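Descriptive structure summary
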Amino acid sequence: MSADPPTPASARLLSRLRLKQFELIKGVSEGLSFRHLADRMALSQPAISKMAREMEEALGAAVFERRRDGVSLTAFGQSLVHDARLIVNKLGRLESELSELRRNPIRTLRAGAPSYTGMSLLSRPVALIAARHQQAHVEIIDGIASRLFDMLMAGELDFVIGSLPDRNLTDDEASLLHVEVLYPDELRFVAHRDTVRADQPVPIEDLLKHSWVMPSRDSLVRNALRAALLRKRLPVPPATVESSPPFIGAVVAEHPGFIGLLRSDSAVYLARHLNLVLLDVRPRIALPPVAIFRLRDPDPSALAVELFALVRESVQTLFGD
């Protein structure tokens with residue numbers, strides 16, 4: 001009689017771990033004590049302590065460091081924080097979507113994209129998805145790169161189309177990401193047709209005499225311009241008008257004398273739609289590439305895969321080869 005095959009470690013953990021134990025890790029990482037977590041989870045403090053001990057026994061390592069003045073996470077516990085947050089946030093999102101999922105088997109897509117990328121790359125794909133799947137729901141969250149990245153890592157977004165945040169990723173963060181680069185990015189400058197000739201390269205210092213229409217002071221675009229001008233020992237122009245990309249394009253189109261500062265996608269899109277001049281400014285000022293960012297696990301849904309294909313088509317339509 002042959003022996004039963006050994007139980008995989010993952011199956012043993014699934015039989016011993018409970019979802020509320022991951023809520024413990026998430027709560028302690030946010031500075032909550034076992035007493036506060038007991039109140040939040042409607043459990044007694046002894047029950048919380050027992051839950052913590054059972055989790056450590058299942059994992060075979062200490063997760064919580066208990067002190068007289070409270071509780072914190074061990075180094076091993078810290079390594080579990082991302083997964084714990086992901087599990088808790090995913091479940092919270094699933095709970096809010098269950099009624100919709102019962103009515104509609106096509107899963108809701110939640111994507112993050114800065115406004116300029118959403119306008120230029122996602123408007124057509126989202127319109128086509130909505131037309132093809134009339135019960136589908138697509139939600140585009142606008143925001144700066146750091147906020148969108150944090151939402152992606154917490155499981156609050158299915159994917160982000162844009163740039164990585166302006167900070168170094170940890171090895172652990174990088175290992176969790178799947179990245180598909182769509183195109184290299186750079187600063188682009190637009191103008192009214194009566195402002196600057198567009199048939200030849202323009203030294204950037206020649207633009208400093210004009211009024212500038214730019215995104216916010218702390219944006220990646222403004223930071224890149226500031227750094228490039230300082231390297232050339234040139235003055236940094238003030239923003240005569242400061243706003244979002246659609247308004248930047250609209251102001252520049254209304255009257256000669258303005259220079260609009262944008263990223264590649266919104267610059268090309270607005271130049272085409274508002275009959276603006278897209279200037280060949282030298283030197284070129286590079287920006288981080290624009291990419292599709294998603295977590296390696298889980299795999300993207302069929303609806304997301306279809307949207308990604310449409311986004312690639314939008315890139316080809318916008319930039320050509």
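These notes cover the structure that comes with them. Keep in mind it's a predicted model, so treat the numbers as computed, not measured. (Residues numbered from 1 in each chain as written. Predicted model: local features only at pLDDT ≥ 70, side-chain atom pairs only at ≥ 80, totals over all residues. Heavy atoms only, no water.)

To continue, consider helix α4 (residues 45–59). Under the 1.5 Å per step criterion, the end-to-end length of α4 is 21 Å for 15 residues, consistent within 8% with the ideal 21 Å. Among all positions of α4, only I48, M51, A52, M55, E56 and A58 are buried. Down the axis, α4 shows its buried residues gathered within 160 degrees of arc, on one side only. Every exposed residue of α4 that faces more than 90 degrees away from the buried side is listed here: P46 and E57. Of the residues flanking the end of α4, it is G60, one or two places downstream, whose phi is positive at about 75 degrees. (Helix = DSSP H or I, 4+ residues; strand = E, 2+ residues; numbered from the N terminus. Expected span 1.5 Å × (residues − 1). Buried < 20%, exposed > 50% of the residue type's maximum accessible area, 1.4 Å probe, protein only. Arc of directions from axis to C-beta.)

A few words on the pattern of salt bridges. Enumeration according to the criterion identifies 15 salt bridges in this entry. K26 is paired through a salt bridge with E30; the nearest N and O atoms lie 2.9 Å apart. The salt bridge involving E56 is made with R66; its shortest N-O contact spans 3.0 Å. Here E56 is found in helix α4, whereas its partner R66 is found in strand β1 (residues 64–67), with 10 residues between them in sequence. Put simply, E186, D280, R282 and R284 are held in one network by salt bridges that share partners. (Salt bridge = Lys/Arg side-chain N within 4 Å of Asp/Glu carboxyl O.)

So, on to the packing of helix α7 (residues 115–132) against helix α12 (residues 264–274). For the pair α7 and α12, interaxial distance at closest approach is 8 Å and the crossing angle is 55 degrees. Taken together, the axes of α7 and α12 lie oblique to each other. By crossing handedness, the relation of α7 to α12 is classed as left-handed. Two secondary-structure elements touch here, α7 through Y116, T117, M119, S120 and L121 and α12 through D265, S266, Y269 and L270. For the contact of α7 with α12, the class distribution of residues is five nonpolar, three polar and one charged. (Axes fitted to C-alpha atoms, helices over the stretch in contact; angles between N-to-C directions. Parallel < 35°, antiparallel > 145°, perpendicular 65-115°, else oblique. Left-handed = near helix turned anticlockwise from the far one by under 90°. Contact = heavy atoms within 4.5 Å. Nonpolar A, V, L, I, M, F, W, Y, C, P; charged D, E, K, R; others polar.)

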